[in-house]
Amino acid sequence: MTRLVFDHLTNWITAAAGEHALDLAAHIEERTGASHRAAMAALKRLVDAGWLTRSGSRRRPVYGPGALRQVARSYTLHGLQEDLPWQRDFAPHFALPKHVERMVQHGFTELVNNAADHSGGSSVTVSLRQTPTHVQLLVSDDGVGVFDKICTAFQLEDPQHAMLELSKGRLTSAPDAHTGRGLFFSSQLADVFDIHANNTAYQRRAWESAGWKKGRALPRQGSSIYMAIALNTTRTLDGVMNAWSLGGDGIEFDQTRVQLRLLTTEGQALDSRAAARRVGSRLTTFKRAEIDFDGVTDVGHGFTDELFRVFAKANPQVELVAVNTTPRIEALVKSARAG
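Residues numbered from 1 in each chain as written. Predicted model: local features only at pLDDT ≥ 70, side-chain atom pairs only at ≥ 80, totals over all residues. Heavy atoms only, no water.

A. Region of the structure containing the UniProt feature "domain: DUF4325" (unreviewed entry) in the chain. In this structure's numbering, the residues bearing the UniProt feature "domain: DUF4325" (unreviewed entry) are residues 283-327. Secondary structure over residues 283-327 splits into 33% helix and 22% strand, and the C-alpha atoms at its two ends are 25 Å apart. (UniProt positions renumbered as here; feature names shortened; annotations may be inferred. Helix = DSSP H or I, 4+ residues; strand = E, 2+ residues; numbered from the N terminus.)

Following this line, the structure appears as structure tokens:
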């Protein structure tokens, strides 16, 4: 007789409860081959744990999704239209605040579309989970890995440099079909955002001013992207998009922030003109760029001169704003601007 594995049940019981409210035990028996007794025991455990609700009579129980909900599905990437899985397989089974649902929908469709259009893989697995406090989305593909893809497309040699470019936004290897907003804005919507790809990982926590930092990588091929949003967040999709638009209307994505900590390791100075040119790469697609020195304790004359004099004079349409500087770095920037 089939043994029911609780963690496996939670992957599909939410959708099953919505579709088989009156015959859920029979559905579990048919789907798994478990006995009626095992199915009823599993249902009791799921109700007790908060995965299901039970109403109706003892003889004719009616089940529904509980406070804990989850749907996990895998798809072939070829020809995948990302809006259909959301509308058909996921959205109907969750009860989210409207503004949170809108952000999750945006993240879901953008991340699944990225897997379909850019990963070079054959399949993607999507898991969406709701708890009493958060909603959590995980999108994993079996492709080449996001950092390797960026390195190849933009002739970069280091995943760290790929993450620097990714953090600026407006990065795409297919400019005729994409604007490079999807992954950037998905990360800004989330309270927790993790990118794992081919033994490299970066993470962002909304409550930490430092922004992106290295994480502990998962040992797997392809990309796994995780985002979590608190159900009581005051963040909205429009609000996030407005924040990166100089006009404040979210129409244009014309300002960015460059985190210099992504160019160096702790204790090392940013001393080279080559590093400054990496910072300036693609900034001409923006009207304003904050150059964030948070976590950087020392820079050289060559770095500040290349960025704040050479680049600035060649591209006067781009406003460079140095933030989180030490007094010494601020003096070096001032000197370079005056040069």
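Structure's up, so let's keep going.
B. A look at the packing of helix H4 (residues 83-90) against helix H5 (residues 98-118). Between H4 and H5, whose axes approach to 9 Å, the crossing angle comes to 130 degrees. Comparing the axis directions of H4 and H5 gives the class oblique. Here H4 runs over H5; the crossing is right-handed. Contacts between H4 and H5 involve Asp83, Pro85, Trp86 and Phe90 from the first element and Glu101, Val104, Gln105, Phe108 and Thr109 from the second. Each residue belonging to the contact of H4 with H5 can be placed in one class, and the counts come to five nonpolar, two polar and two charged. (Axes fitted to C-alpha atoms, helices over the stretch in contact; angles between N-to-C directions. Parallel < 35°, antiparallel > 145°, perpendicular 65-115°, else oblique. Left-handed = near helix turned anticlockwise from the far one by under 90°. Contact = heavy atoms within 4.5 Å. Nonpolar A, V, L, I, M, F, W, Y, C, P; charged D, E, K, R; others polar.)

C. Fine view of the sheet that holds strand E8 (residues 213-214). Taken together, seven strands build an open sheet; the order of strands is E3-E4-E5-E9-E6-E7-E8 and the sheet is antiparallel. With partners counted over all chains shown, the strands left at the sheet margins are strand E3 (69-76) and E8, one partner each. Pairing analysis gives six bridges linking strand E6 (residues 192-197) to strand E7 (residues 200-205), with the strands arranged antiparallel. Along E7, the bridge assignment pairs valine 192 with arginine 205. (Pairing = 2+ DSSP bridges.)

D. Spatial organisation of the pattern of salt bridges. What the rule picks out here adds up to 19 salt bridges. A salt bridge links arginine 257 to aspartate 292, with the shortest nitrogen-to-oxygen separation between them at 3.3 Å. Separated by 35 residues along the polypeptide, arginine 257 in strand E10 (residues 255-259) and aspartate 292 in strand E11 (residues 288-292) bring together distant segments of the chain. For arginine 257, a relative accessible area of 28% translates into the label partly exposed. Close ionic contact of glutamate 290 with arginine 288 constitutes a salt bridge, the shortest N to O distance being 3.1 Å. (Salt bridge = Lys/Arg side-chain N within 4 Å of Asp/Glu carboxyl O. Buried < 20%, exposed > 50% of the residue type's maximum accessible area, 1.4 Å probe, protein only.)

E. Here's a closer look at the packing of aromatic side chains. Applying the stated criterion across every chain yields a total of 10 aromatic pairs. Look at phenylalanine 147 and tyrosine 202: their rings are 5.8 Å apart centre to centre, the planes differ by 70 degrees, and that puts the pair in the edge-to-face class. Taken together, the residues phenylalanine 147 in helix H6 (residues 146-154) and tyrosine 202 in strand E7 connect sequence positions 55 residues apart. Through successive ring pairs, a cluster of aromatic residues spans Phe184, Phe185, Trp244, Phe253 and Phe286. Across from the ring centre of phenylalanine 6, 4.0 Å away, lies the NZ or CZ of arginine 45, which sits over that ring. Taking the ring centre of phenylalanine 286 as reference, the NZ or CZ of arginine 170 above it sits at 5.7 Å. (Phe/Tyr/Trp six-rings, centres within 6.5 Å; stacked < 30°, edge-to-face > 60°. Lys NZ or Arg CZ within 6 Å of the ring centre and 35° of its normal.)

F. Spatial organisation of the sheet that holds E10. On the basis of which strands lie adjacent, the open sheet formed by three strands has the order E10-E11-E12 and parallel pairing. The open sheet is flanked by E10 and strand E12 (319-323), the only strands paired with a single partner. Each adjacent strand pair in this sheet contributes to an overall mean axis angle of 20 degrees, direction not counted. Relative to E12, E11 runs parallel, the two being bridged by five bridges. Residue pairing in the sheet places aspartate 292 in a bridge with valine 323 of E12. Together, E11 and E12 form the strand contacts of helix H11 (residues 301-314), whose direction differs from that of E12 by roughly 170 degrees.

G. Examining the nonpolar core more closely. Among the nonpolar cores identified, the biggest contains 75 residues, and Ile291, Phe293 and Phe303 are the most heavily contacted of them. In terms of residue count, the dominant contributor to this core is H5 (seven residues). Not counting residues within four places of it along the chain, the set of residues in contact with phenylalanine 293 comprises Leu260, Val299, Phe303, Phe308, Ala322, Val323, Asn324, Thr325, Ile329 and Val333. Core analysis: the next-biggest nonpolar cluster, separate from the first, contains 19 residues, Leu9, Ala25, Leu43 and Leu46 among them. (Core = buried A, V, L, I, M, F, W, Y, C linked by side-chain atoms within 4.5 Å.)

H. Layout of unusual backbone geometry. Despite not being glycine, glutamine 155 shows a phi value in the positive range, around 55 degrees. One can find glutamine 155 in the loop between H6 and helix H7 (159-168). Phi at arginine 282 takes a positive value of approximately 70 degrees, unusual for a residue other than glycine. Within the element layout of this structure, arginine 282 appears in the loop between helix H10 (273-280) and E11. Taking relative accessible area as the criterion, arginine 282 reaches 16% and is therefore assigned buried.

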